[in-house]
Amino acid sequence: MFDKKAKSYTDLLGKTNRIVEGTTIKGDIISQADFRLDGELIGNFQSSGKIVIGPAGSVTGDIVCKNADIEGKFNGKIQVTEILNVKSKASIQGEVSVGKLSVEPGADFSASCAMKTNIKNLMPNDGQQTQQKTS
């Protein structure tokens, strides 16, 4: 009557990877799970989850992910499909493409930024605003 499917070992751990302070990785990381980086990554990172770069963490390379919280250093190109949270002690250099952006006062945000939204563009012809009629 109450058949419960046994959870796998990774489900029980919450599916979060962690690289601790004092660890340096040279190369690319691809992960389906969330990731916390307190060490150093020299390379690219790709995830369908969230990356957290802690206060001691740094990334030199490109990041593609769903959500990101950055408190450490980042230098490169980052694409976040949902929300990028930049904490007050963070340092961001490079190119940023986000759905939504939150930057706390005190953060070093020296990057070009493009916000990608799912909202339809209502100004298709030479900047002239048009209204869409609904029936």
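Residues numbered from 1 in each chain as written. Predicted model: local features only at pLDDT ≥ 70, side-chain atom pairs only at ≥ 80, totals over all residues. Heavy atoms only, no water.

A. Quick peek at the confidence of the model for the chain. Averaged over all residues, the pLDDT of the chain is 84; the fraction at 70 or higher stands at 76%. Across the chain, the element-wise mean pLDDT spans from 49 in helix α1 (residues 9–13) up to 97 in strand β8 (residues 58–60). Here residues 119–130 is modelled with pLDDT under 50, and outside its nearest four sequence neighbours on either side it reaches 7 contacts, counting other chains as well. (pLDDT = per-residue confidence, 0-100. Helix = DSSP H or I, 4+ residues; strand = E, 2+ residues; numbered from the N terminus. Contact = heavy atoms within 4.5 Å.)

B. Highlighting the side chain of S58. Within the secondary structure layout, S58 lies in strand β8. The exposure class assigned to S58 is buried, which follows from its relative accessible area of 17%. Setting aside anything within four residues of it in sequence, one finds S58 in contact with L37, G39, E40, L41, I53 and K73. (Buried < 20%, exposed > 50% of the residue type's maximum accessible area, 1.4 Å probe, protein only.)

C. Expanded view of the pairing of strand β12 (residues 91–103). Bridging between strand β11 (residues 73–86) and β12 involves 12 bridges; their strand directions are parallel. Residue pairing across strands places N75 opposite Q93, the latter belonging to β12. In this sheet, strand β13 (residues 108–115) lies alongside β12 in parallel orientation, the contact comprising 8 bridges. Within β13, the residue paired with V98 across the bridge is M115. (Pairing = 2+ DSSP bridges.)

D. Expanded view of the pattern of salt bridges. Tallied over the entire structure, the rule returns 4 salt bridges. Three or more residues joined by partner-sharing salt bridges are found here, namely R18, R36 and D38. (Salt bridge = Lys/Arg side-chain N within 4 Å of Asp/Glu carboxyl O.)

E. Highlighting the environment of I29. Positionally, I29 belongs in strand β3 (residues 29–31). Taking the relative accessible area as the measure of exposure, I29 reaches 12% and is therefore buried. Along the primary structure I29 and L41 are separated by 12 residues, whereas in three dimensions their C-alpha atoms are 8.8 Å apart. Not counting chain neighbours up to four residues away, the residues in contact with I29 comprise F35, L41, N44, F45 and Q46.

F. Up close: the nonpolar core. In this structure, I51, I63, I70, I78 and L84 are the most contacted members of the largest nonpolar core, which totals 22 residues. At the level of elements, β4 (34–37), β7 (50–53), β9 (63–65), β10 (67–70), β11 and β12 are the ones that each hand at least two residues to this core. It is β11 that contributes the most residues to this core, 5 residues altogether. Sequence-distant contacts of L84, that is, excluding residues within four places in its chain, are made with A68, I70, I78, V96, V98, K100, L101 and S102. (Core = buried A, V, L, I, M, F, W, Y, C linked by side-chain atoms within 4.5 Å.)

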